[in-house]
Amino acid sequence: TGRTWILHLCQGLLKRGWKQSTIDEYLYVKQGLLLILYVDDACLISPSKSKIQLEISSLKQDYDLTDDGEIQHNIGTRFERHAGGSMTLSQTRMIERLLTIVCLDSKDYQVKLHDTPANVILQNNADNKTRKQKLHYWSEVRCLSYIQSIIRPDINFAIQQCARFCNNHKRDHEEAVKRI
């Protein structure tokens, strides 16, 4: 089973000097290396390519694994390396999906852009109008939350404001999601 495999892998990693995170059981740390597990995939991260290669060689002694090279895509996120060591993470497909869900067209020049994702603290006003569109508010907030967790931590507060109204959303809340 999956759990048996993870326990076997964990034992092998601990024998090799890896330390398991106390916050996330699928994150391991070892002298300038990070190892992230996701089901049957793993991602090794380090500023040192030689450390990564040494660890891959070590793991290949006990595990049947493949090396797909430098990470380019993982769980819907695109990784783009730049000169000087910086990296850009993007989630184009998820953002396009969200724009479709909230009925916004990214090519529509009538869409109003904002510098900030939120401009007010949302309230549950009785006089707030019902939503204009029959959309899945909960799905919209979940998509935003996923985007926030990977590439846009700066929109966290605005999403939390919207998430408070998943069970009783009105037009102001719909507009707030669109603003984000």
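For clarity, every value in this text was computed on a predicted model and none was experimentally measured. (Residues numbered from 1 in each chain as written. Predicted model: local features only at pLDDT ≥ 70, side-chain atom pairs only at ≥ 80, totals over all residues. Heavy atoms only, no water.)

A few words now on the pairing of strand S3 (residues 33-38). Of the two faces of S3, only the one carrying Leu 33, Leu 35 and Leu 37 is buried; Leu 34, Ile 36 and Tyr 38 on the other face are not. Pairing analysis gives 4 bridges linking strand S2 (residues 27-30) to S3, with the strands arranged antiparallel. Its bridge partner lying in S3, Lys 30 is registered against Leu 33. In sequence, S2 turns back onto S3 through a hairpin of 2 residues, with Gln 31 there showing a positive phi of about 30 degrees. Between S3 and strand S4 (residues 41-45), which pair antiparallel one after the other, the connecting turn spans 2 residues, and Val 39 there sits at a positive phi close to 55 degrees. (Buried < 20%, exposed > 50% of the residue type's maximum accessible area, 1.4 Å probe, protein only. Helix = DSSP H or I, 4+ residues; strand = E, 2+ residues; numbered from the N terminus. Pairing = 2+ DSSP bridges.)

As a general point, the strands of a sheet are linked pairwise by backbone hydrogen bonds and lie either parallel or antiparallel. A sheet is described by the order of its strands in space; here 4 strands give the open sequence S1-S2-S3-S4, paired in antiparallel fashion. Because the sheet does not close on itself, it has two edges, and the strands there are strand S1 (19-20) and S4. Helix-sheet contacts for helix H1 (residues 2-15) involve S1, S2 and S3, and the interaxial angle to S3 is about 170 degrees. Against the sheet, helix H2 (residues 49-60) engages S2, S3 and S4, with an angle of about 145 degrees to S4. (Contact = heavy atoms within 4.5 Å. Axes fitted to C-alpha atoms, helices over the stretch in contact; angles between N-to-C directions.)

Turning to helix H3 (residues 92-101), its buried residues are Met 94, Leu 98 and Ile 101. For H3, the angular spread of the buried residues around the axis is 60 degrees, confining them to a single face. Residues Arg 93 and Thr 100 are exposed on H3 and point more than 90 degrees away from its buried face. In this structure, the buried residues of H3 make contact with helix H4 (137-150). One or two steps after H3, the chain reaches Cys 103, where phi turns positive at roughly 60 degrees. (Arc of directions from axis to C-beta.)

Take unusual backbone geometry next. Non-glycine residue Gln 31 carries a positive phi angle of around 30 degrees. By the element assignment, Gln 31 lies in the loop between S2 and S3.

The values are spatial; any link to function lies outside them.
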